[in-house]
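Close look at the chain arrangement
Next come the chains, spelled out residue by residue.
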Amino acid sequence: MSFDASYEDGTLYMVTDVNNVEHHMMSKADVVEFAEKELSETLNSILNANDGEESFEKAKAYFEQFSAIMEEETDE
């Protein structure tokens, strides 16, 4: 999937990943690329889990992160 650069407006974002690591100063295109990677890795980890309990724990961790994006505060 390619991101249409015309949607860029200079707003930067901070995204927190599933490991609670913050990724700062991300453009909209960066956020889309990051989400694609995270979703792919998460889905693969759920599908390739050893058992149902492990699959559930990985799915639960994914859903627990949904308040994980916010606009960056910049000094402009």
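Residues numbered from 1 in each chain as written. Predicted model: local features only at pLDDT ≥ 70, side-chain atom pairs only at ≥ 80, totals over all residues. Heavy atoms only, no water.

**Topic: the pairing of strand β2 (residues 22-26)**
Bridging between strand β1 (residues 13-16) and β2 involves 3 bridges; their strand directions are antiparallel. Along β2, the bridge assignment pairs Tyr-13 with Met-26. What sits between the antiparallel neighbours β1 and β2 is a turn of 5 residues, in which Asn-20 has the positive phi angle 70°. (Pairing = 2+ DSSP bridges. Helix = DSSP H or I, 4+ residues; strand = E, 2+ residues; numbered from the N terminus.)

**Some details on the environment of Lys-58**
With respect to the helices, strands and loops of the structure, Lys-58 is situated in helix α2 (residues 52-63). A relative accessible area of 31% means that Lys-58 is categorised as partly exposed. For Lys-58 and Ser-45, which are 13 residues apart along the polypeptide, the C-alpha to C-alpha distance reads 7.1 Å. (Buried < 20%, exposed > 50% of the residue type's maximum accessible area, 1.4 Å probe, protein only.)

Treat this as a map of the structure, not an account of what it does.
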